[in-house]
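Residue strings, one per chain:
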Amino acid sequence: MATPDTVLSAPPRTVTERWMQQLQDELCRQLALLDGSGEEFERDDWEHATGHGSTRVLQQGDVLEKGGVAFSVFWGALAAETARQLHLPGPTCFLARLHAVQFPRNPWVPIVHLSVQYVEAETGEGWFGGSLDLTPVYVDQAQAQWFHAQLAALCRAHNADYYVRFKSAADNYFYLPHRQTTLGVGGLYFDRLVLGKDGSFAQLFAFVRQLGLTYPRLYNVLVHQNADRPFNTLNKRWQVVRWGHYAEFSLLLDRDTRLGLATGVPLKNTLLGLPPQAEWPSQLRREANPAEAQSQQWLRPSVDWLAPNPEPPEGPMAAS
């Protein structure tokens, strides 16, 4: 991939678009190697009057039951409500987005999701948004702590305040109010790092670029720690129940989904975050599945994952 020094002389929208295209290629290459099945990501390039992009999907691999990395660019006028959600001063903007999510075959391997975007208003003001978060089917306390320690170290290298701010924002964003539970164990979320106000383009791009490069490194570690763990039909059933929660978030709450629909991105790209299957049982036998109940206790906001011995906040157990 091109280094920042070789591209920063170009306009921010040009730099970010080129980088996201390169990152998509690199993520697909690394994830295909990690899957190990020999399958490649199926590529679907598309273009319309107000944008273009590429949707990449790998299905029925050895590690990944479904993996996806999507890139899109939009330029033009948005509906008033969408423009308001993006904090735009007017309806017209440039928007470049990349998001990636992998649904592993083994229930012990967690979902790790990445999203990065660059928005530029018609006034010329530009800002970055993004997230990197972890959604285990079974919460492993040590792995969740390690994940957050990695994110905290990434943030400290760029801004001492980033981790606390963006971790709290992720707890709020990845929350299912109808279940009174978080989607997973959180991570980082930010929607508006403004060029000039929050740092120079070079500084903010360096942070977002590092976020994108961190994604495959973290996922590689988590896959190798968990992919060979044995599982049974009960574990697999719990996985598709948890995937149902992921589908609820994607369809009901995820701003990226609404943004994709508003910008005319193809549905295959917009609905990349939907799992390959999902289940909504009328009742779960928690007494026969203590690991599931224990995992649910961790799905709360405000867990201090950097503490030596974190504990789930007190309160009623999350609804399944």
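A brief structural summary. The model shown is predicted, which means the values in this text are computed figures rather than measured ones.

Our next topic: the packing of helix 3 (residues 141-156) against helix 5 (residues 201-226). Following both chains from N to C, one finds helix 3 and helix 5 inclined at 160 degrees, their axes separated by 11 Å at the closest point. On the basis of their axis angle, the class for helix 3 and helix 5 is roughly antiparallel. Judged by the sense of rotation from one axis to the other, the crossing of helix 3 with helix 5 is right-handed. In this structure, helix 3 contributes Gln-143, Trp-146, Phe-147, Gln-150, Leu-151, Leu-154 and Cys-155 to the contact, and helix 5 contributes Phe-207, Gln-210, Leu-211, Thr-214, Arg-217, Leu-218, Val-221, Leu-222, Gln-225 and Asn-226. Across the contact of helix 3 with helix 5, the residue classes tally to ten nonpolar, six polar and one charged.

Further remarks concern empty space enclosed by the protein. Under the definition given, this model contains three cavities of 30 Å³ or more. Counted as a void, the largest cavity has a volume near 100 Å³. Taken together, His-99, Val-101, His-113, Tyr-246, Phe-249, Ser-250, Asp-254, Asp-256, Thr-257, Thr-270 and Gly-273 make up the lining of the largest cavity. Looking at the lining of the largest cavity, the elements with two or more residues in it are strand 4 (92-104), helix 6 (233-253) and helix 7 (255-262). Top contributing element to the lining of the largest cavity by residue count: helix 6, with three residues.

Criteria and thresholds
- Residues numbered from 1 in each chain as written.
- Predicted model: local features only at pLDDT ≥ 70, side-chain atom pairs only at ≥ 80, totals over all residues.
- Heavy atoms only, no water.
- Axes fitted to C-alpha atoms, helices over the stretch in contact; angles between N-to-C directions.
- Helix = DSSP H or I, 4+ residues; strand = E, 2+ residues; numbered from the N terminus.
- Parallel < 35°, antiparallel > 145°, perpendicular 65-115°, else oblique.
- Left-handed = near helix turned anticlockwise from the far one by under 90°.
- Contact = heavy atoms within 4.5 Å.
- Nonpolar A, V, L, I, M, F, W, Y, C, P; charged D, E, K, R; others polar.
- 1 Å grid on protein atoms, 1.4 Å probe; cavity = no way out; pocket = protein on both sides within 12 Å on 5 of 7 lines; lining within 4 Å.
- Points joined across faces, edges and corners; volume = space filled by probe spheres on them.

Geometry only, nothing functional implied.
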